[in-house]
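Secondary and tertiary structure notes
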Amino acid sequence: MCGIFGYTGKKKAVPILLQGIKTLEYRGYDSAGIFVSGCAPVRAVGEVKNVEGAGGLTKCVGKAGIAHTRWATHGVPSLRNTHPHTDCEESLYIVHNGIVENYKELRERLENSGHSFKSDTDTEVLAHLVEDAFQKETNLHRALVRALKDVRGTYGIALMHKDFAREIVVARMGSPIVLGIGKGEQFVASDPSAIIRHTDTMLYLEDGETAVLSPGGYKIFSSGNKTLNRKPEKVDSDIGEIQKEGFEHFMLKEIMEAKDVFDATTRGRLDLKEGVAHLGGIKDVEEKLQNMKRLVIVGCGSAYYAGMVGKYMIEEHAGVPVDVEIASEYRYRAAPDQKDTVVLAISQSGETADTLACIKEAKRKGLLTLGIVNVVGSTIARESAAGVYNHAGPEVSVASTKAFISQLIVLVLLTLYLGRQRRMGIGEGRAIIDELMKLPSKIQRIFDGRDAIELVANKYVLNRDFLYVGRKYNFALAYEGALKLKEVSYIHAEGYGAGEMKHGPLAMIDKDFPTFAISPKDSVYEKNISNIEEIRARSGKVIALGTEGDMLLASLATDVIYVPKTIEMLSPILNVIPLQLFGYYMSVARGLNVDRPRNLAKAVTVE
Ligand code: M6R
């Protein structure tokens, strides 16, 4: 997490830097800080706007600087822990994204040799290490390279020294760093979205690489400190400014974009005649996919739940065995994967540290790796051998909504692709596409009824605990619904397979412990109805999510939210929308920061 931005050029650096870290605030918003050559560093707790105008920043005319927006890992969000961090002499300033894993031993060593620390962060050891290394080296870049030899962990670093006012030195290990190459000006950031307004010519650093930026140009170095001649690339300029466009929050705007997301994710990919999906990004590995015997899907949070839905789709319609694993578990498990296993990472940001580590681990084992990624050019997209972009557009709100929907849609496309390579007949493929194409009008019907969802949310706003239950295709949605509620409304919520109720959770049910039961008219409908009866028999309130026209559900449940009918495999795409809206309205009713829930960040780039 954490956002890094740096600029060196001909213009006043402060406004450029502030705008840069504002774009990166999705990576963390615990505190923000800035250092510009010739001026004192300025730091503030909370959002970037708290730095603006602070500490005489408006008078600062320096033309090079670095800035940071923090998601706290080591040390509470406070002024003393806010980047940039500095050395004993306060002559160099450093911003860092990642974790220095051996910071305790390094700090002890540095303190024993006379360094005094001003923060509780792991980052500060980097400043002191460079300070020491600088005694033995002739320039700042060499000093950083020397200092990093002692460091274990992950980092994206931007470093400046008072005596080299126009120079920024950067390094990358496990945390993304992208350089923006302009005319007489250079940029560095954690993510291209912060640079694109200035230049679309960019260069991604690889792990172990370092670089030196000055107004006139840049130099990049390999992990062995050899000069590299890699050419910059043109980055898609679609990643422009993102506005709320009249919506009160990004979360609502992004939920309401579901139909546009449907169009963007399916555009040019559906072939009704052949009953198949065309996915350009996996064309080159077509034969390997034909020979695949097992698929392992990895992801975190909502992306993991999307994978769980994908398992049901792919196993039922393509006949490929699928395992779905939480990325932070898979990466450390000695999974005995065979050569014909394919590992598929799902990630909106394409930067999630654990998911990325799974891809690297799978590559090490010689397995084919695929990605379903939203952010074009992100690390997971670049590290995977092949993959499918979501094209859902930038997602700003921390809660995944439109990205989750597009992940489900891509998984349908992948099911069609893998299925038609195997046992799925043309008729079955056509029938799925036919139903898929009806989804946008059905999504609109859900939107038309969103006031009713708000009313239900308002009714339950004082409840402190919720259970979410579902089965089969909607089993994972129970978890996703619970995750949405807890992350934006801070209400305790648990997801469960409805069939598991009798094995423990039923004991919690009483009149104050409501259950959200996802019960569409599908092959497990009657089982769900029995579970709802059991909850009602124990005075539990039930909010049922069911299929339009289902009067039995209305007679059983305390409240009911209807969704248009579709085929079982596609039902999660519709059902998740009321779950997202319910979480959203609960958060609004409780007066919380919907788009930036406490303690979280949009891209989880540390373990
Ligand atoms: O960027 P990713 O899709 O890899 O992110 C994975 C999770 O961090 C993410 O889905 C998270 O759980 C969301 N906040 C859920 O709304």
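Remember, it's a predicted structure, so these values are computed and weren't measured experimentally.

1. With respect to the overall build of the chain
- Along the chain, the regular secondary structure elements total 19 helices and 27 strands.
- For a compact globule of 607 residues, the expected C-alpha radius of gyration is about 25 Å, and the chain comes in at 25 Å, within 12% of that figure.
- If one aligns the C-alpha atoms of the chain with their principal axes, the spans along those axes are about 75 × 55 × 45 Å.
- Within the chain, buried positions represent 61% of all 607 residues.

2. Remarks on the site of the ligand
- In the vicinity of the ligand there are 15 residues, among which Ser 347, Gln 348, Ser 349, Thr 352 and Glu 487 approach most closely.
- The side chain of Lys 484 places a nitrogen or oxygen atom 2.8 Å from an oxygen atom of the ligand.
- One of the side-chain N or O atoms of Glu 487 is found 2.3 Å from an oxygen atom in the ligand.
- Against a free-state accessible area of 410 Å², the protein chains account for coverage of 90% of the ligand.
- Among the secondary structure elements, those contributing two or more residues to the shell around the ligand are α8 (301-318) and α16 (475-489).
- Residues of the shell around the ligand, tallied by class, amount to 6 nonpolar, 7 polar and 2 charged.
- Among the domains, domain 2 (242-437) and domain 3 (447-594) are the pair contributing at least three residues each to the shell around the ligand.

3. A few points about the state of the cysteines
- Within this structure, the stated rule accounts for 1 disulfide.
- The disulfide bridge from Cys 39 ends at Cys 60, spanning 2.1 Å between sulfur atoms. Of note, the bridge from Cys 39 to Cys 60 carries an S-S torsion of about 90° and is right-handed in sense. You can see Cys 39 sitting in the loop between β2 (31-36) and β3 (42-45) and its partner Cys 60 sitting in the loop between β3 and β4 (64-70), a full 21 residues away along the chain.
- In this structure Cys 358 is not part of a disulfide, and its nearest cysteine sulfur, from Cys 300, lies 7.3 Å away.

4. A few points about the environment of Lys 311
- Structurally, the position occupied by Lys 311 is in helix α8.
- Once the C-alpha coordinates of Lys 311 and Ile 443 are considered, the two residues, 132 residues apart in sequence, prove to be 23 Å apart.
- The contact partners of Lys 311, leaving out residues within four places of it in the chain, are Val 322 and Val 324.

5. Brief notes about the pairing of strand β22 (residues 386-389)
- Across the two faces of β22 the burial differs, with Ala 386 and Val 388 buried and Gly 387 and Tyr 389 not buried at all.
- One ladder, built from 4 bridges, connects strand β21 (residues 368-373) with β22; its direction is parallel. Opposite Ile 372, over in β22, you have Val 388 as the bridge partner.

6. Some details on the domain arrangement of the chain
- Segmentation of the chain into domains returns domain 1 (3-237), domain 2 (242-437) and domain 3 (447-594).
- Taking the mean C-alpha position of each, domain 1 and domain 3 sit 45 Å from one another.

How each quantity is defined
- Residues numbered from 1 in each chain as written.
- Predicted model: local features only at pLDDT ≥ 70, side-chain atom pairs only at ≥ 80, totals over all residues.
- Heavy atoms only, no water.
- Helix = DSSP H or I, 4+ residues; strand = E, 2+ residues; numbered from the N terminus.
- Rg over C-alpha atoms; globule rule 2.2 N^0.38 Å.
- Buried < 20%, exposed > 50% of the residue type's maximum accessible area, 1.4 Å probe, protein only.
- Near = heavy atom within 4 Å.
- Polar contact = N/O pair within 3.5 Å; in protein donor to acceptor, adjacent residues only side chain to side chain.
- Areas by Shrake-Rupley, 256 points an atom, 1.4 Å probe, with all protein chains shown as cover.
- Nonpolar A, V, L, I, M, F, W, Y, C, P; charged D, E, K, R; others polar.
- Domains from an automatic or database assignment.
- Disulfide = S-S within 2.5 Å.
- Contact = heavy atoms within 4.5 Å.
- Pairing = 2+ DSSP bridges.

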